[in-house]
Amino acid sequence: MNILVIGSGGREHAICQKLSESPLAGHIYCAPGNGGIAEVAELVPINEMDIASLVSFAREHRIDATIVGPEAPLSAGIADAFQNAGLRVFGPSQNAARIESSKAFAKELMQKYNIPTADYRVFSQYEEALQYIKEKGAPIVIKADGLAAGKGVTVAMTIEEAQAALQAALLEQKFGEASAQVVVEEFLEGEEFSLMAFVHGETVCPMVIARDHKRAYDGDKGPNTGGMGAYSPVPQIPQDEVEQAVSEILIPAAKALKKEGTPFTGVLYAGLIRTRAGVKVIEFNARFGDPETQVVLSRLKTDLLQIILDLLDGKKPEITWTDEAVLGVVIASEGYPGTYQKGVQLPPLNELESFVFHSGTRLENGRLVSNGGRVLFIGRKSSSLECARDSLYKELASCTFEGFFYRKDIGSRKKEDAVR
Ligand code: AMP
Ligand code: GLY
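Residues numbered from 1 in each chain as written. Chains lettered and ligands numbered in written order. Predicted model: local features only at pLDDT ≥ 70, side-chain atom pairs only at ≥ 80, totals over all residues. Heavy atoms only, no water.

**Here we look at the layout of surface pockets**
Picture a little ball the size of a water molecule; that probe, rolled over the atoms, points out where space is still empty. In plain terms, the rule: The definitions used throughout rest on a 1 Å grid laid over the protein atoms alone, on which a cavity is an enclosed set of points accommodating a 1.4 Å probe that cannot get out and a pocket is an open set flanked by protein within 12 Å on both sides along at least five of seven lines; lining residues are those having an atom within 4 Å of a point. Grid points are joined across faces, edges and corners, and a volume is the space filled by probe spheres set on the points. A run of H or I in DSSP becomes a helix once it reaches four residues, and a run of E becomes a strand once it reaches two; helices and strands are each numbered from the N terminus.
Its boundaries defined by the atoms lining it, the second largest pocket holds a volume of some 470 Å³. Listing elements by their share of the lining of the second largest pocket, those giving two or more residues are α1 (10–20), β19 (355–358) and β21 (367–370).

**Points about the packing of aromatic side chains**
Here is the rule: The rule is short: rings of Phe, Tyr and Trp, with Trp giving its six-membered ring, pair when the centres are within 6.5 Å, and they are stacked under 30 degrees, edge-to-face over 60, tilted in between. Exposure classes here rest on a 1.4 Å probe applied to the protein chains alone. A residue is buried below 20% of its type maximum, exposed above 50%, and partly exposed in between.
According to the stated counting rule, one finds eight aromatic pairs in the structure shown. A ring pair is formed by Tyr29 and Phe57, whose centres lie 5.1 Å apart and whose planes are at 80°; its orientation type is edge-to-face. Of this pair, Tyr29 sits in strand β2 (residues 28–32) while Phe57 sits in helix α2 (residues 51–60), and the two are 28 residues apart along the sequence. Comparing Tyr29 with Phe57, the two get one shared label, buried.

**Examining the site of ligand 1**
Note the threshold: Proximity criterion: a residue is near a molecule or strand once any of its heavy atoms comes within 4 Å of it. Side-chain atoms alone can form a polar contact between residues adjacent in sequence; in general such a contact is a pair of N or O atoms within 3.5 Å, and within protein one must be able to donate a hydrogen while the other accepts it. All accessibility values rest on the Shrake-Rupley procedure with a 1.4 Å probe; residue burial counts only the protein chains present in the view.
Taken together, 13 residues form the shell around ligand 1, and within it Glu185, Glu186, Leu188, Glu192 and Glu283 come nearest. One of the side-chain nitrogen or oxygen atoms of Lys214 is found 3.3 Å away from an oxygen atom of ligand 1. With respect to ligand 1, the side chain of Glu283 contributes an N or O atom lying 2.9 Å from an oxygen atom. Across the complex, the protein chains shield 92% of the 470 Å² of accessible surface that ligand 1 would expose by itself.

**Considerations on the site of ligand 2**
All residues adjacent to ligand 2 are Asp212, Gly226, Tyr269, Asn285, Arg287, Gly289, Asp290, Pro291 and Glu292. Within the side chain of Arg287, an N or O atom sits 2.9 Å from an oxygen atom of ligand 2. Here Glu292 contributes a side-chain N or O atom positioned 2.7 Å from a nitrogen atom of ligand 2. For ligand 2, the protein covers 90% of the area, taking 200 Å² as the surface of the free molecule.

**Some thoughts on the sheet that holds strand β11 (residues 203–206)**
This is how the line gets drawn: At least two bridges found by DSSP between two strands are what make those strands a pair. Note on geometry: axes are lines fitted to C-alpha atoms, helical ones only across the stretch in contact, with angles between N-to-C directions running from 0 to 180 degrees. Contact definition: two residues touch when any of their heavy atoms are within 4.5 Å.
Taking strand neighbours across the sheet as the criterion, the four strands line up as β11-β10-β16-β17 in an open arrangement whose pairing is antiparallel. At either end of the open sheet lies a strand with only one pairing partner, and these are β11 and β17 (278–285). For this sheet the average axis-to-axis angle between neighbouring strands, irrespective of direction, equals 35°. Relative to strand β16 (residues 265–275), strand β10 (residues 191–200) runs antiparallel, the two sharing 10 bridges. By the bridge assignment for β16, Ala197 is matched with Leu268. Contacts from helix α9 (residues 239–259) reach β10, β11, β16 and β17, with the element oriented near 130° to β16.

What follows is the structure in structure tokens.
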């Protein structure tokens, strides 16, 4: 089978790697891909947002199935375009992807179908929003309604901070159209975790859970990023609560989307928080998480392509996972998530015992150089999280990453730290 993967990050590298292990996979293409993906797939120089060219490519190269990584092409309707062209695609329609591309839509859906989440209000007028945050008091959370590359959320610890976030979003249009509306939300406290599932209509096949680390620096300090490291399993979260989240959050969400006339196909991602009042939704995404995918797919024993084909054929696949633990760290460009340089040479990676997925790299005259903020994801699989973490950090300490930085504390929270 000819397969096309769309995207260019560590997530897509992990997806391509897994697909390349499938006996069903013939030729794997990735558009546009990156320097590491080139080792497991043929790169196609078409931008992920150039939907018309991607459809033509898929037709010309007789692509049997397309898997979409990032949210931007999904919310621009790539899955609809492929389907209209008679091409098989694993990813939600533009309408179903609203569960990620409009936070107001996601909140309304949750409210209507009793899916547990923080209390909220939606505003497009600054004065009204300001009055509301003054009534509610801090801490309070302000979210741009639309896609803002993970940067549209402000967890405000004071009213002044909340006011500044409202001002930036509603008066200065910091995120353009994406912040024409804001969701103002109750602040929740607890352990966060990510629960993803393969979904087709009402068929929901959950994956193992993972934890992401969104802040740039050690000790959860510094600005929010796309994610600086991840691990799976997450010992702080009891298994019965995960099962409850599947039955009270993921399955109702898939059913709700179907009932609303926009059935979901693809990966449904729930960003969850374990509060004293139970597990609640922080956000939904309409795709695989990055960097969660890099650790979760590393624990997948079943053939990924078979899972996707079964789902698209209306069957419920059997999925098995290894009990082993996986933990990985993002190597980022110095300055990220602010401004940073590209084209910085990377150290040799083929000697590493740990596994490497590329996020922002490219080949320049045969040399591997950085091409983004998040550059590499280096991970380790082991019998326990502690072993994975210790052996990974030991190996990283022996490398020189000049012009880059990484967090030294991924996965170092203890089970006893969990909120009860
Ligand atoms: P999001 O982009 O929606 O995942 O939000 C980014 C981060 O902001 C989350 O991972 C949380 O750490 C934090 N956050 C979002 N919503 C809330 C909330 N209601 N209460 C506390 N923290 C939140
Ligand atoms: N790791 C969070 C996300 O993919 O949105």
